[in-house]
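Results of the structural survey
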Amino acid sequence: MALSQAGTLEPGEPSPRSRQRMQESTPTGTAQPQLSPERGERRAVAARQLRVLLTPLAVGGRRLPQKRLLGAYGGAEGRAPAGKRLRPGPPSPAAGSPAANGADGAWDAESDGSDGGDAAADGYPQLSAYERKRLKNISENAKFFAALKLHESAARLHQIATKRQSHVTKRAKPKKAEDEPVRRRSMRLQRVEPSGIPMPEMPAQPEYPPVPAGPLPMVPEDQMENSKLTEDLLATWMRISEMKANDNEKHTCDMKRYQDSLNSMVLSEDNVKKVVKYRVCSMAIHPSESIIFVAAGDKFGQIGLWNVNCQSEEGAHAFTPHSYPVSCMHFSPFNPAHLLSLSNDTLRCGDVTRAVFDEVCRSEENLSSFDFLEDNASTAIVGCWDGNVAVVDRRTPGTSSELSADIGFTRTRTVHVHPVNKQYFVAAGSVDVCIYDVRYLKPKGNQPVSNLKGHTRSVASAYFSPVTGNRVVTVCADDKLRVYDTTSLSSAVAVLSTIRHNNNTGRWLTRFRAIWDPKQEDCFVVGSMARPRQIEVFQDTGKLLHSFYNLDCLGSVCSINVVHPSKNILVGGNSSGRLHVFKE
């Protein structure tokens, strides 16, 4: 059999499969019948067309797979299966004819399923049983997937997914039931005082205009000129300042008597008063033994003066000599008619004899604290928030400092002068607490006399003990109170005791400062976060001696405290401007 270059049979040549079937259908020894030219030509044409159709077609340079042939040439019932699209044959010959019996082999071997007989029964007599079953499965699967209508479902889903969001209707929010219980809110969030009186709205910044430089008259902030009540308050201050306090030497009593005196101090409702508008940042108590006279400074520059012995509402008045927090206050130990107060930009002296707030020092550096270097209060050491310290002399004209020294701190929170050796002062910084000699201060390169090590976080305060200065107590943000033995000022000072204490006051409370009781060398007072709210007294050994509390009158944290130098009086200030006086 000769094939053309295109892969098809030459005209007139039967296909190999037809030739095999013809040989099998011919009895042995019997000569094969000769085909007429017309029948031979028809067989050649049919064979050529069948050969071309059974060969996978080339589409776009690639051969079309069988599944594509099924889709292209597959038919419904009564037609050849997909992939076997056959050319329709001639009309079926009559029964008993040689063509009907397959004598010629032309339409037996290459039948298209329309010639009747067995082909009508299964449709594909020329295929094996496996091939017929396979084609039947393919046809049934194709019909099953067509019945699922997956393409139509996918199109519908795509159409739903691409709809605009604006067509989606929003569900209306259900209305709250009227009988729904109201959520409880604290009185602080409701801005209501415990008495039930609504508090005024807290301003985002101080209500007061910036305080001008220079001397300021002692006029309360709620009136434009002096009144009889203000004059009475200032007259009381002047009168008690003229009285000489007892110059008895400071001494320390035995612990049993001291504890008895602490137990005798109580708080009553008459001894609680709101003296300033905002958070108390500093306090000072007049050394008078006849009248309890207290000064308090708040966050926005107010100074409140309170005559505790005056039971009327006019016993307290507030002044505004500063524009920023009043972080430190002291009555002059030489002349109690002078009240020195320090804010970020100024150090002022309130002179009641002249009813004026004089300006002692003005600085572009933010000031943090101060203490007197001499008993006559003429000079002072001033700490700055940027870490420097300055020496101020009140006797020199002008408002500038005499010296500004870099002690190597990133910030200086408190400074305190040794009670006996006035040339020494202790400075508390970020994590540093050091003792310096003021006589050797210079602008740069200052070295401490002693270093109080052990703090791991920022230090809020550091103060010498009041009588001998042999102890220093510090408050640190690592929740510890430390007491150092400064009997000998060596390069490294030993820790005498460490007390576990919650010092995490947060942003809304003033940081704790532990202060010594001026009447007791080895005991100090500090605020507390414990409940019920209380003020604690510790011994330098770490022992808790006493806790001041009152469930009815003390319900807040007193961060700032001050103790009277000669009487059993303790005053605590909270973050709403209230003062609480414990006394015998």
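The rules behind the values
Within any chain, residue numbers begin from 1 and follow the written order of that chain's sequence. Local features are withheld for residues below a pLDDT of 70 in this predicted model, meaning they are given only at 70 or higher, and side-chain atom pairs are given and counted only at 80 or more; totals for whole chains, interfaces and linings count all residues. In computing side-chain values, all of the structure's heavy atoms are included and hydrogens and water are not. Counting from the N terminus, the helices are the DSSP runs of H or I reaching at least four residues and the strands are the DSSP runs of E reaching at least two. When a residue's accessible area, from a 1.4 Å probe over protein chains only, is under 20% of the maximum for its type it is buried; when over 50% it is exposed; and in between it is partly exposed. Only heavy atoms matter for contacts: two residues are in contact if any of them lie within 4.5 Å across the pair. Accessibility throughout is a Shrake-Rupley quantity obtained with a 1.4 Å probe, and a residue counts as covered only by protein chains that appear here. Only one rule defines a salt bridge in this text: a Lys or Arg side-chain nitrogen within 4 Å of an Asp or Glu carboxyl oxygen. Residues enter a nonpolar core if they are buried and are Ala, Val, Leu, Ile, Met, Phe, Trp, Tyr or Cys, with the set joined through side-chain atoms within 4.5 Å. A pair of strands is considered paired only if DSSP assigns at least 2 bridges between the two. Expected helix span is given by 1.5 Å per residue-to-residue step, counting one fewer step than there are residues. A residue counts as positive if it is Lys or Arg and as negative if it is Asp or Glu; His and the chain ends are not included. pLDDT is a residue-level measure of predictor confidence that goes from 0 to 100. Each Phe, Tyr or Trp ring (for Trp, its six-membered ring) is paired with any other whose centre lies within 6.5 Å, and the angle between the two planes then decides the class: stacked below 30 degrees, edge-to-face above 60, tilted in between. Sitting over a ring, as applied to charges here, requires NZ of Lys or CZ of Arg to be within 6 Å of the ring centre and within 35 degrees of the ring normal.

1. Details of the overall build of the protein
When you go through the protein residue by residue, the secondary structure sums to nine helices and 31 strands. Put simply, the protein has 584 residues, and 43% of those count as buried. Looking at the protein alone, contacts between residues at least 24 apart form 52% of all its contacts between residues at least 6 apart. Of the roughly 32,600 Å² of accessible surface on the protein, a fraction of 52% belongs to carbon and sulfur atoms.

2. Points about the pattern of salt bridges
Taken as a whole, this structure holds 14 salt bridges when the rule is applied. A salt bridge links K256 to D260, with the nearest nitrogen and oxygen atoms 3.1 Å apart. Here the residue K256 and the residue D260 both occupy positions in helix α9 (residues 255-263), the gap between them amounting to four residues, near one helical turn. Of the residues examined, D260 reaches a relative accessible area of 38% and is grouped as partly exposed. Salt bridges sharing common partners tie together D345, R348, E359 and R362.

3. Digging into the nonpolar core
In this structure, F524, V537, F548, L570 and F582 are the most contacted members of the largest nonpolar core, which totals 32 residues. Elements with a minimum of two residues in this core: α9, β21 (459-464), β22 (471-476), β23 (480-485), β25 (515-516), β26 (523-527), β27 (535-539) and β28 (544-548). Listed in part, the 21 residues of the second largest apolar core include V211, I240, F331 and V352.

4. Examining the sheet that holds strand β17 (residues 412-417)
Read across the open sheet, the four strands follow the order β17-β18-β19-β20; overall the sheet is antiparallel. Each of the sheet's edge strands pairs with one partner strand only, and the pair in question is β17 and β20 (450-451). Strand direction decides the pairing type here: strand β19 (residues 433-437) and β20, joined by two bridges, are antiparallel. Note on β20: the bridge partner recorded for C434 is N451.

5. Comments concerning helix α6 (residues 129-148)
Compared with the 28 Å implied by 1.5 Å per residue over 20 residues, the 29 Å span of α6 between its first and last C-alpha is a close match. K149 sits one or two residues past α6 and shows a positive phi near 55°.

6. Some thoughts on unusual backbone geometry
Look at the link from R531 to P532: it is a cis peptide, with omega at -5°. Its place among the elements puts P532 in the loop between β26 and β27. With a phi close to 55°, K149 is a non-glycine residue in the positive phi region. With respect to the element layout, K149 can be found in the loop between α6 and α7 (150-161). If you check the backbone angles, A355 has positive phi at about 55° while not being a glycine. Mapped onto the fold, A355 is located in the loop between β11 (346-351) and β12 (356-362). Of the residues examined, A355 reaches a relative accessible area of 27% and is grouped as partly exposed.

7. Some remarks on the side chain of E536
As for its placement among the helices and strands, E536 is situated in strand β27. Notably, E536 is buried but unbridged: the nearest opposite-charge side chain belongs to R533, and the N-O separation is 9.8 Å. Beyond its immediate sequence surroundings of up to four residues, E536 is in contact with H501, F524, V525, V526, G527, S528, L544, H546 and S547.

8. Quick look at the environment of L544
With respect to the helices, strands and loops of the structure, L544 is situated in strand β28. C-alpha of L544 to C-alpha of C523: the two residues are 21 residues apart in sequence and 9.6 Å apart in space. Leaving out residues up to four positions away in the same chain, L544 has contacts with E536, V537 and F538.

9. With respect to the confidence of the model for the protein
Within the protein, residue pLDDT values average 81, and 71% of them lie at 70 or more. Confidence drops under pLDDT 50 across residues 1-11; counting only partners more than four residues distant or on other chains, this segment forms 20 contacts. This model gives residues 66-121 a pLDDT under 50, and the stretch forms 81 contacts once residues within four places in sequence are excluded.

10. Details of the pairing of strand β18 (residues 424-429)
Burial runs high along β18: six of the six residues are buried. Here β18 shows a buried face lined by Y424, V426 and A428 and a second buried face lined by F425, A427 and G429. By the bridge criterion, five bridges tie β17 to β18 in an arrangement that is antiparallel. Residue pairing for β18: H416 is matched across the bridge by V426. Counting the residues between successive antiparallel strands, the hairpin from β17 to β18 contains six residues. Once β18 ends, the chain turns through three residues before running back antiparallel as β19.

11. Section: the packing of aromatic side chains
This structure, assessed with the given rule, holds 11 aromatic pairs. Centre to centre, the rings of W516 and F524 are 5.5 Å apart; their planes meet at 75°, and the pair counts as edge-to-face. Its relative accessible area of 0% is what places F524 among the buried residues. A network of ring pairs unites the aromatic residues W237, F293 and F331 as a single cluster. For R507, the ring lying beneath its charged end belongs to W508, and the centroid distance is 4.5 Å.

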